[in-house]
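Coordinates in review
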Amino acid sequence: MVKSNEGGGKTMNGYLMQEKDIVRGEDSFVESLSPENRYGVVFEDDGETAYFYALEMDESGGGMKILDALHIYEAPDPDDPPPPGSGKGPGTSKVLIVWSKDWMKCALVLDGFCQAIFDFEAHGGYSINEFPEPNGIWTKGDRKLTNELIGRLF
């Protein structure tokens, strides 16, 4: 179940390809490659900042090119308490990577909330905080992730 910003929930129509518990602010790396094309994604927390990357493998399969990157969060202060009712320790989150059934869209879900989506067909990267600015090479339009967009893509 993925919750919208308004608190409602729906099941995403796609394939759950990765599920991992992480501690925000500790090194984490979660990768998912599409079995149907040359696209992939990586969620990375380097201990200070977390990003979600869109990737394309080269023809030989030996290298990858970063198409786009979306900022997800800054590492929390270790003294901050966990969110109320989360049942989790300080800074603990569940990371899910969900691919659409056509393998052309991929979503990052943290603790049940969709944080970012890459649309490989439309060359779009969307996130809640809309950062960084579109790169002009791959994502050329609006970056705002809305519940309507989530519903349309998934």
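As shown above, the structure is provided for reference.
These numbers come from a predicted model, not from an experiment.

1. Quick notes on the overall build of the chain
Within the chain, the regular secondary structure consists of one helix and 11 strands. Starting at the N terminus, the α and β elements of the chain follow one another as β-β-β-β-β-β-β-β-β-β-β-α. Considering only contacts in the chain between residues 6 or more positions apart, those separated by 24 or more positions represent 47%. Surface exposure of the chain reaches about 8000 Å², of which carbon and sulfur atoms provide 51%.

2. A few points about the pairing of strand β4 (residues 28–33)
Burial of β4 is one-sided: the residues Ser28, Val30 and Ser32 facing one way are buried, the residues Phe29, Glu31 and Leu33 facing the other way are not. Looking at chain direction, β4 and strand β5 (residues 39–45) are connected through six bridges and run antiparallel. Bridging across to β5, Val30 finds its partner in Phe43. The hairpin formed by β4 and β5 contains five residues between the paired strands.

3. Considerations on the packing of aromatic side chains
One pass over the full model with this rule turns up 10 aromatic pairs. Seen from their ring centres, Tyr15 and Trp103 are 4.9 Å apart, and the 10° between their planes marks the pair as stacked. Of the two residues, Tyr15 is situated in strand β3 (residues 14–23) and Trp103 in the loop between β8 (92–100) and β9 (105–110); the sequence distance between them amounts to 88 residues. Taking relative accessible area as the criterion, Tyr15 reaches 34% and is therefore assigned partly exposed. The exposure class assigned to Trp103 is buried, which follows from its relative accessible area of 11%.

4. Quick notes on the sheet that holds β4
Strand-to-strand pairing in sheets goes through backbone hydrogen bonds, with the strands running parallel or antiparallel. Taking strand neighbours across the sheet as the criterion, the four strands line up as β4-β5-β6-β7 in an open arrangement whose pairing is antiparallel. Each having just a single partner strand, β4 and β7 (64–74) make up the two edges of the open sheet. In this sheet, neighbouring strand axes are inclined to one another by 15° on average, regardless of whether the strands run parallel or antiparallel.

Parameters and conventions
- Residues numbered from 1 in each chain as written.
- Predicted model: local features only at pLDDT ≥ 70, side-chain atom pairs only at ≥ 80, totals over all residues.
- Heavy atoms only, no water.
- Helix = DSSP H or I, 4+ residues; strand = E, 2+ residues; numbered from the N terminus.
- Contact = heavy atoms within 4.5 Å.
- Areas by Shrake-Rupley, 256 points an atom, 1.4 Å probe, with all protein chains shown as cover.
- Buried < 20%, exposed > 50% of the residue type's maximum accessible area, 1.4 Å probe, protein only.
- Pairing = 2+ DSSP bridges.
- Phe/Tyr/Trp six-rings, centres within 6.5 Å; stacked < 30°, edge-to-face > 60°.
- Axes fitted to C-alpha atoms, helices over the stretch in contact; angles between N-to-C directions.

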